[in-house]
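# What the coordinates show
Chain by chain, the residues:
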Amino acid sequence: MRKISLLLLLSALVFGCASVKKRTEKSIGTTLNSPFFDNQFTGLLVLDPIAKDTLYSYNSDKYFTPASNTKIFTLYTALKTLPKQAPALRYLQKNDTLFFEGTGDPSLLHHYLKDSTAYSFLKNSINLAYHYSNFQDTRMGPGWSWDDFAWYYSPERSALPIFGNTVMIYDTPDYKVTPAYFKDSVLQIQHSWNREEKRNLFYFDSAERDSLEIPFITDANTVKSVLEGLFARPITLINEMPKGEKKTLYGIEMDSLYVRLMHESDNFIAEQLLIMASGVLTDTLNSENARNHILKNQLKDLPQQPRWVDGSGLSRYNLFTPKSMVYVLNELYQEVPEERLFSIFPAGGVSGTLNSWYGGEEAPYIFAKSGSLGNNYCLSGYLRTKKGRLLIFSYMNNHFRHSPSEVKERMQTIFEVLREGY
């Protein structure tokens, strides 16, 4: 009799779970098949990583423009290749001269990160020689919009970033410009652009704003001049390091870079992380080296190989599938402790780019990375159900003409169905 009762109980549980799954699938399907989605391209994959069960799949093997969801792949690459502390500089001491080169570390005197490790190290040397030719990449990524050059979210990539490769201008009584080297290059007039396209001449109208952040052109001579202004001494430019074993100076904790990468969707940090990874894997700084390495090794079993051209997702050349995105999210979940992982990802209704969306009733239930470009919005990450079950999802929307808020409202409806149903 006990065996029969146990079998009946197990059967009820199995059929109950199946019924819940069918109701949830039907509810999601009804939303996705509504007229709202007729003229856009949508993909969704939801995975239970513990049970290894696909709960919902819709166009999950199709390619989408991921926007800043690309940063999930960049984060994974950085976690697999970089140490706990950022390699800030590589250097070699010869007689009375310190020879140094950049590693791609974005944190040197960054306006928000404010790391001074490399600055403090370099200022103690009388004779400095800067090796600039280890950077074998382009200043801008392939497929970036040409007219983004003057906007804060599109700084140039470089071997030795300084001040985040941007100029900060503040409307204060003494008119503050950081780095101070550019103060004489700022014109206080109204202009249709923040900067001239091919030279470091900036425009700032204090009647319109009280501060402005503008990328600057980062050629070797400009970096040299900025450093000379900081140290009040000349610096020699060299195109080859002397013979000898280079040492590495370590700086800021990498997790502080990862949190800003994901919470603020920082494009500059994303690009520099791949350059740093290249410097660890090879002798040159080229982001393609890092992308190729991770795809051929740690991610060789991806369901669909992506077209991956930059670290930030600024390029519309990038193509990823929801299935591949979920694959990498699952790898992260298996390899990174949950508390650390969820602190790096923005929390719905609480932090970063999700602070106004996808909030929980008592605590966050979504930890995910958003990705936005004109007419595209994607969200990929982790969802905690009311029963405590963890789900991994990738939800991609391309080519819509609705407002992003309308798209997010439909997405939130589906996330709430998942939260309640499982």
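Structure: see above.
Residues numbered from 1 in each chain as written. Predicted model: local features only at pLDDT ≥ 70, side-chain atom pairs only at ≥ 80, totals over all residues. Heavy atoms only, no water.

## A look at the overall build of the protein
A count of helices and strands for the protein gives ten helices and 15 strands. The C-alpha radius of gyration computed for the protein amounts to 24 Å, which stays within 12% of the reference 22 Å derived for 422 residues, consistent with globular compactness. Across its three principal directions, the C-alpha atoms of the protein cover 90 × 50 × 35 Å. Across the 422 residues that make up the protein, the buried fraction comes to 54%. Partitioning the intrachain contacts of the protein with sequence separation of at least 6 by distance along the chain shows that 66% fall at a separation of at least 24. (Helix = DSSP H or I, 4+ residues; strand = E, 2+ residues; numbered from the N terminus. Rg over C-alpha atoms; globule rule 2.2 N^0.38 Å. Buried < 20%, exposed > 50% of the residue type's maximum accessible area, 1.4 Å probe, protein only. Contact = heavy atoms within 4.5 Å.)

## Here we look at the nonpolar core
Counting residues in hydrophobic clusters, the biggest one holds 48 residues, and the most contacted among them are L273, L332, F345 and Y382. Here this core spans two domains, since at least three of its residues come from each of domain 1 (23-78 + 282-421) and domain 2 (79-281). (Core = buried A, V, L, I, M, F, W, Y, C linked by side-chain atoms within 4.5 Å. Domains from an automatic or database assignment.)

## Some points on the pattern of salt bridges
One pass over the full model with this rule turns up 16 salt bridges. As a salt-bridge pair, D266 and R260 come within 2.8 Å of each other at their nearest N and O atoms. Each member of the pair, D266 together with R260, is buried. Salt bridges sharing common partners tie together E361, K386, R419 and E420. (Salt bridge = Lys/Arg side-chain N within 4 Å of Asp/Glu carboxyl O.)

## Thoughts on helix α7 (residues 287-296)
The periodicity of an α-helix, 3.6 residues per turn, causes residues three or four positions apart to be oriented the same way. Burial in α7 covers these residues: S287, A290, R291, I294 and L295. Relative to the axis of α7, the buried residues are bounded by an arc of 120° and lie together on one face. At its buried positions, α7 is contacted by α2 (70-81) and α6 (267-281). Capping of α7 at its N-terminal end is provided by N286; its side-chain oxygen lies 2.9 Å from the backbone amide nitrogen of E288. (Arc of directions from axis to C-beta. Polar contact = N/O pair within 3.5 Å; in protein donor to acceptor, adjacent residues only side chain to side chain.)

## Details of α6
For α6, spanning 15 residues, the distance from its first C-alpha to its last is 22 Å, which sits close to the expected 21 Å at 1.5 Å a residue. α6 sits mainly inside the fold: 13 of its 15 residues count as buried. Of the residues that open α6, the one with a side-chain oxygen 3.1 Å from the backbone nitrogen of F268 is D266. (Expected span 1.5 Å × (residues − 1).)

## Digging into the environment of P83
Looking at the secondary structure, you find P83 in the loop between α2 and β3 (85-94). The partly exposed category is assigned to P83, whose relative accessible area is 32%. As a C-alpha pair, P83 and L274 span 191 residues in sequence and 13 Å in three-dimensional space.

## As for the sheet that holds strand β2 (residues 53-58)
Read across the sheet, five strands follow the order β2-β1-β15-β14-β13 without closing on themselves; strand pairing throughout is antiparallel. The two strands at the open ends of the sheet, each matched to only one other strand, are β2 and β13 (366-373). Adjacent strand axes in the sheet meet at a mean angle of 5°, parallel and antiparallel pairs treated alike. Here strand β1 (residues 41-48) pairs with β2 via five bridges, running antiparallel. Pairing of D48 across the sheet is with D53, part of β2. Across the sheet, helix α8 (residues 322-335) is in contact with β1, β14 (376-384) and β15 (390-398); its angle to β15 comes to roughly 150°. (Pairing = 2+ DSSP bridges. Axes fitted to C-alpha atoms, helices over the stretch in contact; angles between N-to-C directions.)

## Here we look at the sheet that holds strand β7 (residues 176-178)
With respect to topology, three strands assemble into an open sheet ordered β7-β6-β10, the strand pairing being antiparallel. The sheet terminates laterally at β7 and β10 (211-215), the two strands that pair on one side only. Strand-to-strand twist in this sheet, taken as the mean axis angle between neighbours without regard to direction, amounts to 15°. In terms of strand pairing, strand β6 (residues 166-170) meets β7 through three bridges, oriented antiparallel. By the bridge assignment for β7, I169 is matched with V177.

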